[in-house]
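Chain by chain, the residues:
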There are 2 protein chains.
Amino acid sequence: MLNDVSCAQCGLSDLCIPHSLTDEEIIELDETIMRKKPMGRGAALYRQGDRFSSLYAVRSGAVKVYSTDQEGNEQVLAFYLPGEILGMDAIDSKMHASTAKVLETSAICEIPYGSVENLSRLIPNLQVHLYRLLSREIRMDQILQLLLAKNTAEERMSAFLMNLSVRYSQRRLSGTSFNLPMTRIDVANFLGLAVETVSRVLSRMQNRGIIKVKGRDLTIVDKQALCEMAHLRGSDKASTH
Amino acid sequence: MLNDVSCAQCGLSDLCIPHSLTDEEIIELDETIMRKKPMGRGAALYRQGDRFSSLYAVRSGAVKVYSTDQEGNEQVLAFYLPGEILGMDAIDSKMHASTAKVLETSAICEIPYGSVENLSRLIPNLQVHLYRLLSREIRMDQILQLLLAKNTAEERMSAFLMNLSVRYSQRRLSGTSFNLPMTRIDVANFLGLAVETVSRVLSRMQNRGIIKVKGRDLTIVDKQALCEMAHLRGSDKASTH
DNA sequence: CGATTTGTTGATCTTACTCAATAATCGTGG
DNA sequence: CCACGATTATTGAGTAAGATCAACAAATCG
């Protein structure tokens, strides 16, 4: 395996499933990756309706993905954090059904999909790697679904925060103290809640000593309590049996 | 391309992306597919915690996928209809994070994943096919997410019915008149609503002449109205700008 | 520095959940 | 085939949670 430094400068080598490719394969892969300048807040990686050509790896910063319906209503579908890959939903249709915008100054790697597909024909390991990468995205979406199906605002909010925490931890960033890269509006939209509700729930959690929030800065004080809050939907489903 | 008859008897040949494999490739593929007897209501394709080994194609009938948390609460993640493939979420972790149960007598094809992976190394077309298949599942999950993020019960319910309608149509089944293979309990659980709310919303829709429901039998009378009901969340998001 | 976006808090009202009762359907065994 | 219990489905009444409306504070940006 390559050392951390060389791993850190490429997009694919840390693509979610480490230790499944050899050094040679990683180097070959890295050559196909187009590095990009840092992108500023509001810049678009791709827009709804664009022809699909590349996957994108978030090196630093954060990206929000949303789709817009006929009436112009936006619906946030996902947030992508450092180390995560986006764009895989468009491989089939070859068309982006959503828009990806940078939330804060971010370093983004563009990975031309054609090259990856070709390379994967030559490197069996990469092929397996990609199947797993796609599968992992399916699993991620399922977890977000579990989150959205929760009934109360508190459950959704706590599940959302736990989800962010876990994802930051997985990338060796702090899982207990981090910066929310998105606005309350985005959070509310994503969770299917009103902005005011998001604000209120966060305040309530802070008053109970579970978290500490100051604008976008968030610290998880009582992880245990937050965890319990997230799935313990009380006794409704359990008691009906 | 093979004719409809031979296509209809195998699991993979009609796997979502037709016309991307040659006849030879389809035949080679079919040989790896284990056919299964019809399975009865309540039978499990796999259970949460099982080691992953195969994908499953629904030939007829329907399957529900759900996960159970520590407290024993079930959360329905998806319903799979004829022509759809399930199990792809476990390729990465090699472990099923959910349980798949047959909702009504169904014909299911088991597709050993190892064989598919091996074959895809030999058949480049199949490789591309699989990438697209996985991508399509990601897209499907996104659409379900859009559905769950809707705020009102009516929006979720109508979006859900429209989703079923579209999926049945894609498989050349009637999109305007079909049988709901799942209980109201499952629908409610999936949509994050109370059972009573599901019942009430369906009754209300019927009274307005949008649909006709009699137990599990459902007919969409006014598709246009149902469509509008599904995303037109009124003026909240639009007017705030 | 002023303007705009974003965030918080309060009051009111609507929606959907809960509890409860009843009806219909399904499945099973006599 | 029908009777039985169990599950599933519908409808009503009361309540609680969250949306909406509104006012204001804080942060961001040009």
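Before reading further, recall that the structure is shown in the block above.
What counts as what
Residues numbered from 1 in each chain as written. Chains lettered and ligands numbered in written order. Predicted model: local features only at pLDDT ≥ 70, side-chain atom pairs only at ≥ 80, totals over all residues. Heavy atoms only, no water. Contact = heavy atoms within 4.5 Å. Buried area = accessible area lost by both parts, 1.4 Å probe. Salt bridge = Lys/Arg side-chain N within 4 Å of Asp/Glu carboxyl O. Polar contact = N/O pair within 3.5 Å; in protein donor to acceptor, adjacent residues only side chain to side chain. Helix = DSSP H or I, 4+ residues; strand = E, 2+ residues; numbered from the N terminus. Near = heavy atom within 4 Å. Nonpolar A, V, L, I, M, F, W, Y, C, P; charged D, E, K, R; others polar. Phe/Tyr/Trp six-rings, centres within 6.5 Å; stacked < 30°, edge-to-face > 60°. Buried < 20%, exposed > 50% of the residue type's maximum accessible area, 1.4 Å probe, protein only. Lys NZ or Arg CZ within 6 Å of the ring centre and 35° of its normal. Pairing = 2+ DSSP bridges. Axes fitted to C-alpha atoms, helices over the stretch in contact; angles between N-to-C directions. Least-squares fit on C-alpha atoms with pLDDT ≥ 70 in both.

Enquirer: So what exactly am I meant to see when it comes to the interface of chain B and chain A here?
Expert: In many reports, interface size means the accessible area that the parts give up when they come together. On the chain A side, the residues contacting the 47 residues of chain B number 47 residues. Overall, the association of chain B and chain A removes approximately 4700 Å² of surface from exposure, summing both partners, and the carbon and sulfur fraction of that is 52%. The three residues of chain B that bury the most area against chain A are D92, Y131 and Q145 of chain B, which together make up 16% of that side's buried surface. Salt-bridge contacts for D92 of chain A lead to R136 of chain B; the nearest nitrogen and oxygen are separated by 3.0 Å. Summed over the shared surface of chain B and chain A, the number is 18 residue pairs in polar contact (both at pLDDT 80 or more). For the side of chain B that touches chain A, the secondary structure elements donating two or more residues are strand 4 (74–80), helix 3 (113–122), helix 4 (124–148), helix 6 (184–191) and helix 9 (236–239) of chain B. The element best represented in the side of chain B that touches chain A is helix 4 of chain B, accounting for 18 residues.

Enquirer: Is there a simple way to think about the protein's contact with DNA strand C in this case?
Expert: Neighbouring residues of DNA strand C: 20 residues in total, closest R184, S199 and S203 of chain A together with A153 and T197 of chain B. Of what DNA strand C places within 4 Å of the protein, 65% of the atoms are sugar or phosphate. Contact distances for DNA strand C include 2.9 Å between a base oxygen and a side-chain N or O atom of R200 of chain B. Listing elements by their share of the surface near DNA strand C, those giving two or more residues are helix 6 (184–191) and helix 7 (195–207) of chain A together with helix 7 (195–207) of chain B. Per-element accounting of the surface near DNA strand C gives the leading share, four residues, to helix 7 of chain A. In terms of residue class, the surface near DNA strand C is made up of four nonpolar, six polar and 10 charged.

Enquirer: I keep staring at the packing of aromatic side chains and nothing clicks. Help me out?
Expert: The way to describe two aromatic rings as a pair is by their centre distance and the angle between their planes. Residues and elements named next belong to chain A. For the structure on display, the rule yields 13 aromatic pairs over all chains. Arranged with centres 5.0 Å apart and planes meeting at 35 degrees, the rings of Y168 and F178 form a pair that is tilted. Here the residue Y168 occupies a position in helix 5 (residues 153–170), and F178 occupies one in strand 7 (residues 177–179), the gap between them amounting to 10 residues. On the accessibility criterion, F178 (8% relative accessible area) is buried. Here the aromatic cluster, defined as three or more aromatic residues joined through ring pairs, consists of F79, F160 and F190. We note K64 situated over the ring of Y66; from NZ or CZ to the ring centre the distance is 5.0 Å.

Enquirer: What's the story with the sheet that holds strand 7 (residues 177–179) of chain B in this structure? I'm lost.
Expert: Each strand in a sheet pairs with its neighbour through backbone hydrogen bonds, running either in the same direction (parallel) or in the opposite one (antiparallel). Residue and element names in this part refer to chain B. A sheet is described by the order of its strands in space; here three strands give the open sequence 7-9-8, paired in antiparallel fashion. The open sheet has two edge strands, strand 7 and strand 8 (211–214), and neither has a second partner. Here the average twist between neighbouring strands, direction ignored, is 15 degrees. Where strand 8 and strand 9 (residues 217–220) come together, four bridges link them in antiparallel fashion. Bridge pairing in strand 9 links K214 to D217. Each of strand 7, strand 8 and strand 9 is contacted by helix 5 (residues 153–170), which is oriented at about 100 degrees to strand 7, the strand it contacts most. The sheet strands contacting helix 7 are strand 8 and strand 9, and the helix crosses strand 8 at an angle near 130 degrees.

Enquirer: Could you clarify how one ought to interpret the protein's contact with DNA strand D in this entry?
Expert: Around DNA strand D, 20 residues are found, and the nearest of them are A153 and T197 of chain A together with R184, S199 and S203 of chain B. Within 4 Å of the protein, the contacting atoms of DNA strand D are drawn from sugar and phosphate to the extent of 65%. One of the side-chain N or O atoms of R200 of chain A is found 3.0 Å from a base oxygen in DNA strand D. Interatomic distance of 2.6 Å between a backbone N/O atom of R184 of chain B and a phosphate oxygen of DNA strand D. Elements that contribute at least two residues to the surface near DNA strand D include exactly helix 7 of chain A together with helix 6 and helix 7 of chain B. The biggest single contributor to the surface near DNA strand D is helix 7 of chain B, with four residues. A class-by-class count of the residues in the surface near DNA strand D yields four nonpolar, six polar and 10 charged.

Enquirer: Even after reading the chapter, I still don't get the side chain of S67 of chain B, so can you show me in this structure?
Expert: Within the secondary structure, S67 of chain B is located in strand 3 (residues 54–68). What S67 of chain B contacts, discounting residues up to four positions off in sequence, is L146 of chain A together with Q48, N73, E74, Q75, L77, A97 and S98 of chain B.

Enquirer: Explanation requested: the relation of the copies chain B and chain A in the structure shown.
Expert: One copy of the chain maps onto the second through a rotation around an axis plus a translation along that axis. Superposing chain B onto chain A takes a rotation of 180 degrees plus a shift of 0.0 Å along the axis, which leaves an RMSD of 0.0 Å. Seen this way, the second copy is the image of the first under a two-fold rotation axis. Identified as the residue of chain B closest to the rotation axis by C-alpha distance is I138 of chain B, at 2.6 Å. Interface overlap between copies: 100% of the residues of chain B at the interface are likewise at the interface in chain A, consistent with a symmetric, same-surface contact.

These figures come from the coordinates and say nothing about function on their own.
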